Structures are given as C-alpha cells and as structure tokens.
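# Observations on the model geometry
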Amino acid sequence: AVRATRGAGGWLVLPADLPLVRPDTLRRVADALADGAGAAQPVHGGERGHPVGFGAACGPALAALAGAQGAAPVLRAQREAGALVEVPVDDEGIVTDIDTVADLARAEALWRARGAGG
C-alpha cells in the first residue's frame, strides 16, 4: 500500500484483527504525525498497540519491506532515533486483537461495555 501511495503525508497501520480501535485514537495518532513525529504509537495501560503511524520520511523504508516481518524494523529504527512519539489513549481497543474464539468473546464483552460502539 505504501508503494502505491508514495506521495502520502504518512500512513496508519491498523491490522484487521483489531476492530475496536476508536476513531478518536486514529485521529490522535494522525495528529502526532502532523505535529512532526517520525512515527507514533498509541499506549494503553503501559501496553503499546495499534494503529502505528508512520510519517512521510518513513516511506522509503516501508516501501522496501518484504516478507512477514511487518513494519517492526522501521518502528524500531524510529524508536532508536528518538523520533517515535507514544500517544497515551484511553482505548483498550488498541490491544484487543481477535485471534481466537476466547479473544472474540473478550472483544464482544468490551463492545457491550462501551454501549455497542459508544
């Protein structure tokens, strides 16, 4: 996707198995990029999650990725360069991935606790 959108100002990477990330979290990560962060990652309760945002300067490194490793090396490089901003959020959805039936039940409970999307 990055190779197809090389002119973009940045990218948010949100795995499909994290469906409960709130829209305001997406905006906060995007805002961190707009404020000059090289990369941005939301944090909830001390746990890092998704979506991870990458600024335009990360484009070449992201476009060069291949294989199943994902963007972890690019994120690590941004962290080591001091260009990663951690964005504190009150959104358990950033760490609520659904890989198993038990995960699905936990996500459904969170969804219901939010008032079905509120």
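Shown above is the structure to which this text applies.
Note that the structure is predicted; figures quoted are calculated from it, not measured.

## Digging into the overall build of the chain
- For the chain, the count of helices and strands is four helices and five strands.
- The helix and strand sequence of the chain, counted from the amino end, reads β-α-β-β-β-α-α-β-α.
- Its C-alpha atoms give the chain a radius of gyration of 15 Å, within 12% of the compact-globule value 13 Å for 118 residues.
- Per-residue burial over the chain gives 35% buried out of 118 residues.
- When contacts within the chain are restricted to residue pairs at least 6 apart in sequence, long-range pairs at least 24 apart make up 61% of them.
- When the accessible area of the chain is evaluated, it comes to approximately 6600 Å², of which 56% is carbon and sulfur surface.
- Taken together, the 11 basic and 14 acidic charged side chains of the chain have centroids lying 4 Å from each other.

## A word on the pattern of salt bridges
- The final tally for this structure, using the stated rule, is three salt bridges.
- Between R48 and E86 there is a salt bridge whose closest N-O contact spans 2.8 Å. A residue pair is termed long-range when its members are at least 10 positions apart, and R48 in strand β3 (residues 47–48) and E86 in strand β5 (residues 84–88) qualify at 38 residues.
- Classification of R48 by relative accessible area gives partly exposed; the value is 45%.
- The partly exposed category is assigned to E86, whose relative accessible area is 38%.
- Salt-bridge contacts for R114 lead to D91; the nearest nitrogen and oxygen are separated by 2.8 Å. Taken together, the positions of R114 in the segment after α4 (101–113) and D91 in the loop between β5 and α4 put the pair 23 residues apart, joining distant regions of the chain. Comparing R114 with D91 shows no difference in burial state: the two are buried.

## A word on the environment of T100
- Looking at the secondary structure, you find T100 in the loop between β5 and α4.
- A relative accessible area of 41% places T100 in the partly exposed class.
- A distance of 3.0 Å separates a polar atom in the side chain of T100 from the backbone nitrogen of D103.

## Let's talk about unusual backbone geometry
- Cis geometry is found at the peptide bond from H50 to P51, where omega equals 10 degrees.
- Among the structural elements, P51 can be located in the loop between β3 and β4 (52–55).

## A closer look at the side chain of Q78
- Mapped onto the fold, Q78 is located in helix α3 (residues 72–80).
- Discounting residues that sit within four places of it in the chain, Q78 has contacts with G38, A39, C58, A83 and L84.

Cut-offs and rules
Residues numbered from 1 in each chain as written. Predicted model: local features only at pLDDT ≥ 70, side-chain atom pairs only at ≥ 80, totals over all residues. Heavy atoms only, no water. Helix = DSSP H or I, 4+ residues; strand = E, 2+ residues; numbered from the N terminus. Rg over C-alpha atoms; globule rule 2.2 N^0.38 Å. Buried < 20%, exposed > 50% of the residue type's maximum accessible area, 1.4 Å probe, protein only. Contact = heavy atoms within 4.5 Å. Areas by Shrake-Rupley, 256 points an atom, 1.4 Å probe, with all protein chains shown as cover. Lys, Arg positive; Asp, Glu negative; His and termini not counted. Charge placed at Lys NZ, Arg CZ, Asp CG, Glu CD. Salt bridge = Lys/Arg side-chain N within 4 Å of Asp/Glu carboxyl O. Polar contact = N/O pair within 3.5 Å; in protein donor to acceptor, adjacent residues only side chain to side chain.

Such coordinate-based values are descriptive only and should not be taken to indicate function.
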